[in-house]
Amino acid sequence: MEIEMPNTPVQAAAEGLPVAETISRDPLTPRGRVSCDIDMAELRKMAMKELRDLRKVLYTVAEVISGFCCQPRFLTEDGRSYNAAGNVLEDICDFLGSYEQAAVNISVAAKPATSSEVEWRGWTILSFEADCAEDLTPFAVKAAEFVRDEAEARLREARQPAVTDRATERSAKEAAQ
């Protein structure tokens, strides 16, 4: 299963535009970073296992926060919607979900070379798919495709030294003649 995804950077809306006015900082804002972005360049540098590990943590943290959102203290009086604190938690969950999706997208677009990287790529994508799946059959097909991809990668690796050995033997024979 190969899905081609573009890997092109996109210019931010205000990138390169002159700043017309100085933005004043709220004195109650903490020092340091006050906003979060998905760092696609950093995700692209990660090994497949790192992407899998990151995806698992993002999913787990989002699930924990989602559980807190269901508590009465984060709901309005009538219990039908989030209060202000619940809305903040929901925004954090949304961001974590987007970061998780980005990690999966990088995995989908990746072309791992080694069998272990193929395996970690499969685990990353399958674990995400399992969390979203509603039907077992399409999921089982994807799982079988990833097993096939890993087996093919292992077979290529197993053949690689044999090909090198034969080439070395031919070179030795040619040199002897």
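Keep in mind that what you see is a predicted model, and the values were worked out from it rather than measured.

Conventions used here
- Residues numbered from 1 in each chain as written.
- Predicted model: local features only at pLDDT ≥ 70, side-chain atom pairs only at ≥ 80, totals over all residues.
- Heavy atoms only, no water.
- Helix = DSSP H or I, 4+ residues; strand = E, 2+ residues; numbered from the N terminus.
- Buried < 20%, exposed > 50% of the residue type's maximum accessible area, 1.4 Å probe, protein only.
- Contact = heavy atoms within 4.5 Å.
- Areas by Shrake-Rupley, 256 points an atom, 1.4 Å probe, with all protein chains shown as cover.
- Phe/Tyr/Trp six-rings, centres within 6.5 Å; stacked < 30°, edge-to-face > 60°.
- Axes fitted to C-alpha atoms, helices over the stretch in contact; angles between N-to-C directions.
- Parallel < 35°, antiparallel > 145°, perpendicular 65-115°, else oblique.
- Left-handed = near helix turned anticlockwise from the far one by under 90°.
- Nonpolar A, V, L, I, M, F, W, Y, C, P; charged D, E, K, R; others polar.

### Quick notes on the overall build of the chain
Looking only at helices and strands, the chain has 5 helices and 0 strands in total. Mapped in sequence order, the helices and strands of the chain form the string α-α-α-α-α. Among the 177 residues that make up the chain, the fraction classed as buried is 21%. Residue pairs in contact within the chain that sit at least 24 positions apart in sequence constitute 65% of those at least 6 positions apart. Accessible surface, the chain: about 12,900 Å² in total, of which carbon and sulfur atoms supply 57%.

### Some thoughts on the packing of aromatic side chains
Summed over the entire model, instances satisfying the criterion amount to 1 aromatic pair. Judged by centre distance (5.6 Å) and plane angle (80°), the rings of Phe95 and Tyr99 are edge-to-face. In this pair, Phe95 and Tyr99 both sit in helix α3 (residues 84-109), 4 residues apart, roughly one turn of the helix. Taking the relative accessible area as the measure of exposure, Tyr99 reaches 16% and is therefore buried.

### Notes on the packing of helix α2 (residues 48-69) against helix α4 (residues 115-132)
Following both chains from N to C, one finds α2 and α4 inclined at 20°, their axes separated by 7 Å at the closest point. Here α2 lies roughly parallel to α4, going by the angle between them. Crossing of α2 over α4 shows left-handed handedness. Contacts between α2 and α4 involve Met48, Lys49, Leu51, Arg52, Arg55 and Tyr59 from the former and Glu117, Trp120, Arg121, Trp123, Thr124, Ser127, Phe128 and Asp131 from the latter. In the contact of α2 with α4, the residues fall into 6 nonpolar, 2 polar and 6 charged.

Limitation: the analysis is restricted to geometry and does not speak to function.
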